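# Remarks on the overall topology
Single-letter residue listing:
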Amino acid sequence: VDQSTDGRTAAALATIDDDRLRYIHTDTVGVAKSRNIAVCESRAEIVVYTDDDCVCHGEWLASIHAEFQSDSSVEAVYGRVVPFGDHKGMICPCINESTERLVLEGPAIPALTLGGGNNMAFRKSVFRKVGLFLESLGPGTRLNHAEDTEFSFRVLFNRCKVVYTPIPLVQHDKWLDRAGFTDLLKGAMRGVALVFFAYSLRFDRVAFVYLMKTAYRLSRDRMGVGSVTIGLRYFCEGLALGPVYRLKRPASFVG
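Description of the structure in this document. No experiment lies behind these values; they were computed from the predicted model shown.

### Re the pattern of salt bridges
- In total, this model carries 14 salt bridges according to the counting rule given.
- Among the salt bridges present, the one from Asp-18 reaches Arg-20, with a minimum N-O distance of 2.7 Å.
- Arg-20 gets classed as exposed once you look at its relative accessible area, which sits at 70%.
- With a closest N to O distance of 3.2 Å, Arg-128 and Glu-45 form a salt bridge. With Arg-128 in helix 5 (residues 124-130) and Glu-45 in the loop between helix 2 (31-41) and strand 1 (46-49), this pair connects stretches of sequence that are 83 residues apart.
- The structure contains a network of salt bridges with shared partners spanning Arg-35, Asp-51 and Glu-147.

### With respect to helix 2
- Along helix 2, the residues classified as buried are Val-31, Ala-32, Ser-34, Arg-35, Asn-36 and Val-39.
- The secondary structure elements touched by the buried residues of helix 2 are strand 1, strand 5 (120-123), helix 5 and helix 6 (147-157).

### Concerning the nonpolar core
- In terms of nonpolar packing, the biggest core is built from 25 residues, with Leu-137, Leu-194, Val-195, Phe-196, Leu-218, Val-225 and Tyr-245 touching the most fellow members.
- When residues of this core are traced back to their parent elements, those giving at least two are helix 7 (178-200), helix 8 (205-219) and helix 9 (228-247).
- Residue contacts for Leu-218: discarding those within four places in its chain leaves Met-189, Met-223, Val-225, Val-228, Gly-231, Leu-232 and Phe-235.
- Judged by nonpolar contacts, the second largest core, of 23 residues, contains Ala-76, Met-120, Phe-122 and Phe-133.

### Some words on the layout of surface pockets
- Taken as a whole, the second largest pocket encloses approximately 180 Å³ of empty space.
- Around the second largest pocket sit 16 residues that line it, and Glu-150, Arg-154, Tyr-199, Arg-202 and Pro-250 are the ones nearest its centre.
- Of all the secondary-structure elements, those providing two or more residues to the lining of the second largest pocket are helix 6, helix 7 and helix 9.
- A total of 4 residues in the lining of the second largest pocket trace back to one element, the largest contributor, which is helix 7.

### Details of the side chain of Thr-165
- Residue position: Thr-165 is located in strand 6 (residues 162-172).
- Here the side chain of Thr-165 touches Ile-167 through a polar contact of 3.3 Å, landing on its backbone nitrogen.
- Excluding residues that lie within four positions of it along the chain, Thr-165 makes contacts with Glu-67, Val-77, Tyr-78, Gly-79 and Arg-80.

Reading guide: rules and limits
- Residues numbered from 1 in each chain as written.
- Predicted model: local features only at pLDDT ≥ 70, side-chain atom pairs only at ≥ 80, totals over all residues.
- Heavy atoms only, no water.
- Salt bridge = Lys/Arg side-chain N within 4 Å of Asp/Glu carboxyl O.
- Buried < 20%, exposed > 50% of the residue type's maximum accessible area, 1.4 Å probe, protein only.
- Helix = DSSP H or I, 4+ residues; strand = E, 2+ residues; numbered from the N terminus.
- Contact = heavy atoms within 4.5 Å.
- Core = buried A, V, L, I, M, F, W, Y, C linked by side-chain atoms within 4.5 Å.
- 1 Å grid on protein atoms, 1.4 Å probe; cavity = no way out; pocket = protein on both sides within 12 Å on 5 of 7 lines; lining within 4 Å.
- Points joined across faces, edges and corners; volume = space filled by probe spheres on them.
- Polar contact = N/O pair within 3.5 Å; in protein donor to acceptor, adjacent residues only side chain to side chain.

This is the structure:
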């Protein structure tokens, strides 16, 4: 699913002679929209996601497929994400280097247990059960964050069986200097507040406890966002949006 404004992706894919590959160009903007298009257009019962700044291991898809094949009750699989290369003085965000396998069947904090949206896979039964990604969140939107956090937590909130395994490996080729990483964290704090306040309003204890812990760490300037004032400002912006997202319903998937 190509949202780019030039022809380089189409030209590169045209060199691949494989009738399993379907190329869809769209004028839409936003990673959540492209992910939803992929779900609706895909023909298989397993949908796998990575990002355009990632390099996937040669056995990435095979290891994800093997995980689903080994247990028919598993509905989602998340894999390990490590930095691509080494850039001294720079920071690679959105990684999960854990080598311990984990099985979840209830609410947990995605960033601490599963990782982000750059190495995740779902049976289509998940989308039939919980709906699609919220298209007002994530890169390409005004908020620019949290579409993967919200969706992953929604999957856990609905008691889907989710596995984290270190075997499906992706390398993340995104490097930020300290200022860039600080800016990323500001938006992330707004996204955290939005998502977990929305689920706190659904009386989810895990979301509420994490929300309170994040607020406390921000008040002690322990989140690396530059200052207490800046951190709490972004956090409060997210809190203000929480009730809106408590009422927001994702689009249904009926494919």
